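# Architecture at a glance
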Amino acid sequence: MPGTEIISTEPATGAVLWRQMSGDADHEVAQARASWAAWAAHPLAYRIEALRRFANVVRQKADAFTDLLARETGKPLWEARTEVETVIAKVDISITAFSERTGQRRIDAPMNTRLALRHKPHGVLAVLGPYNFPVHLPNGHIVPALLAGNAVIFKPSEKTPASGAFLVDCYRAAGIPEGCIRLLIGGPDEGKALAGHPDIDGLLFTGSANTGIALNRLFATRPEKILALEMGGNNPIVVWDTPDLYSAAVLVVQSAFTTAGQRCTAGRRLIVDEKLFDPLMAELNKLIGRLIIGEPHADPAPFMGPVIDNDAADMLTESFLALSTMGGRPLRHMERPIEGRPFLTPGLIDMTAANEKVDVELFGPILQVYRVNSFDEAIAEANDTRYGLSASLVSQDPKLYDRFWANIRAGIVNWNRPTNGASSAAPFGGVGWSGNHRPSAYYAADYCAYPVVSSESDSARASMGVGLRDA
C-alpha cells in the first residue's frame, strides 16, 4: 500500500542496498494514460532511434548496472554481466522481430481497391517482473511494448526493486518520455492494484504458476485486455544411451543449478536409464563437489550464489525434507553452509520409489531423479507434469531425439544442450501451466500490437445490382 517502505538487501551479506516508499497504481496508470497517444503518434523510426539510445545508455552504465544486479540478486558477477548484455541486445532483436512479426502489407483486391494490413499498439500495458532476472525478463516485454507505441507501467519484484529502478532510469536518460515508462514500487498489494486497474489495456507477466492462474481468473471477464503469461516449469532432462557421462553430468548441472536453480527453464527432474544411473550419479556427485558457491564478487568466481532470501532458502530446505518423507531417497543432502544467509548446496533426491509425486516448481537447487527401464517410460515420465516449458534429451542417437521431439510436451525442446539458456532471438514460452500460448522473446511483438486490416479505395465508387425496385 502507498506509504510502505520497500527495502532491498543483499542476499549474500544481508546489507541494506536500497530503500524507497511504495507508489500508487492509480497515479502511475493516469500518467501513462495521458502520455501514450503522443508516443504512439511518432513514426516508428523515431521510437527505434529512442530505444537505440537506451541501449547505448545501458552500455555506458554496464559496469555499475552489473555490480548492482549482482549485489541485489546474489548471482555471480559473470552472470549479472551476461544479463546486462541481454538488455542491450534486446533492442536490435526487437526491431527485427517487430518488422517480421508486425510489418505492413498491401494486398491487391478487386475493383481497383486494396487491402492494407497494419498494426496498432494496445495503449497502456502493465509489466510485472520477477526477481530471478529482474532486468532481462521485464525488459523483454518493455522494449517491444514501447517499440509498438504503448506506454508501460513496470512493477519490479519487491525483492529486486533497485535493479528495476536502474533500468527505468536508463530509459529516461535515453529520452523516453517519463509518462511512457512508469515505475511502480511496491509489494503484492501494489501488484494487485495494477493488475486489476480498469484503465490498463493489458498485462505482461513473468512469475509463478499460482500468481499466473490468479491473473488468468482476474482477466477471464475482461476479454478486451491482452494477457501474456510466463509461469515457469517442472522441466525434465532425460539421459539415455550416451557414452560420455562426464558431459552428461555437466549438462545436468548446468540445467539444474545455474542461477542457484532459480530459472524457470531449470532442470527439475532428471530421468535416466536404469543402466546409467550409478555411473551417472558418480559423475554428478564428483562435479557437484567441485562447484564453487559464494558471494557475487568472490575470486575465484563462483558457479552459483545464494537464493534470493532466507525465506526462499527455508522453503527449499523444508521441501527437500518433505520429498524425503514421501519416500524420496536423498543422494546428496541440501545444506546451508553459512548460518543466517540463503546459500544452499545442491540437493539430489531419488524419487523413483516415492509414494507420492509433487508436481510443483521448486525454485532452487533441488534435482529430483527418476530411474526408468525404457525410452517410452522416460517420455511418459517427462510428460507427467502440468507444466510444459522446457525439456532436454542427452543422447547420441538422433532417432531417439526424433521420438523425443515428436512426443514431448514443451515449448522448448533441446538435444544435448541444457534445459535453460534460451535465446532472445527465438520465441520463448510453453504449454500447460507454463503459459497461455503467448510466447515472449522474439514473439513478444505479437502481443504488443494488434493487427488492423483495411479495405481501401482512392475514391468512393459503389453500385447495387440486386434487391432494388426499378427507378
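I will try to describe carefully the structure that is included in this document.

Thresholds applied
- Residues numbered from 1 in each chain as written.
- Predicted model: local features only at pLDDT ≥ 70, side-chain atom pairs only at ≥ 80, totals over all residues.
- Heavy atoms only, no water.
- Helix = DSSP H or I, 4+ residues; strand = E, 2+ residues; numbered from the N terminus.
- Rg over C-alpha atoms; globule rule 2.2 N^0.38 Å.
- Buried < 20%, exposed > 50% of the residue type's maximum accessible area, 1.4 Å probe, protein only.
- Polar contact = N/O pair within 3.5 Å; in protein donor to acceptor, adjacent residues only side chain to side chain.
- Contact = heavy atoms within 4.5 Å.
- Arc of directions from axis to C-beta.
- Phe/Tyr/Trp six-rings, centres within 6.5 Å; stacked < 30°, edge-to-face > 60°.

## A look at the overall build of the protein chain
On a plain count of helices and strands, the protein chain comes out with 14 helices and 19 strands. Its C-alpha atoms give the protein chain a radius of gyration of 24 Å, within 12% of the compact-globule value 23 Å for 471 residues. Considered along the principal axes of its C-alpha atoms, the protein chain spans approximately 90 × 55 × 40 Å. Scored against the burial criterion, the 471 residues of the protein chain give a buried share of 54%.

## Focus on the side chain of Gln 262
Within the secondary structure layout, Gln 262 lies in the loop between helix H9 (245-257) and strand E11 (267-273). On the basis of relative accessibility, which here comes to 4%, the residue Gln 262 falls in the buried class. Within polar-contact distance, the side chain of Gln 262 engages the backbone nitrogen of Ile 308 at 3.0 Å. Residues within four places of Gln 262 in sequence aside, it is in contact with Tyr 131, Asn 132, Phe 133, Pro 306, Val 307, Ile 308 and Phe 363.

## A word on helix H13 (residues 398-407)
Along H13, the positions that sit buried rather than exposed are Leu 400, Tyr 401 and Phe 404. Down the axis of H13, the buried side of the element spans an arc of 100 degrees, and every buried residue falls inside it. The exposed set on the far side of H13, more than 90 degrees from its buried face, consists of Lys 399, Asp 402 and Ala 406. For H13, the elements touching its buried residues are strand E10 (235-239), helix H12 (375-382), strand E15 (390-394) and strand E16 (412-415).

## Re the packing of aromatic side chains
The geometry of an aromatic ring pair is captured by two quantities: the separation of the ring centres and the angle between the planes. Under the defined criterion, the tally for this structure stands at seven aromatic pairs. When the ring of Tyr 387 is compared with that of Trp 433, the centres are 6.0 Å apart and the planes differ by 80 degrees; the resulting orientation is edge-to-face. Taken as a pair, Tyr 387 in the loop between H12 and E15 and Trp 433 in the loop between strand E17 (427-428) and strand E18 (440-441) lie far apart in primary sequence, 46 residues in all. Owing to a relative accessible area of 6%, Tyr 387 belongs among the buried residues under this scheme.

## Points about the side chain of Ser 434
By secondary structure assignment, the location of Ser 434 is in the loop between E17 and E18. Its relative accessible area of 1% is what places Ser 434 among the buried residues. Within the local environment of Ser 434, its side chain forms a polar contact with the backbone oxygen of Gly 232, the two atoms lying 2.6 Å apart. Side-chain polar atoms of Ser 434 contact the backbone nitrogen of Gly 388, separated by 2.9 Å.

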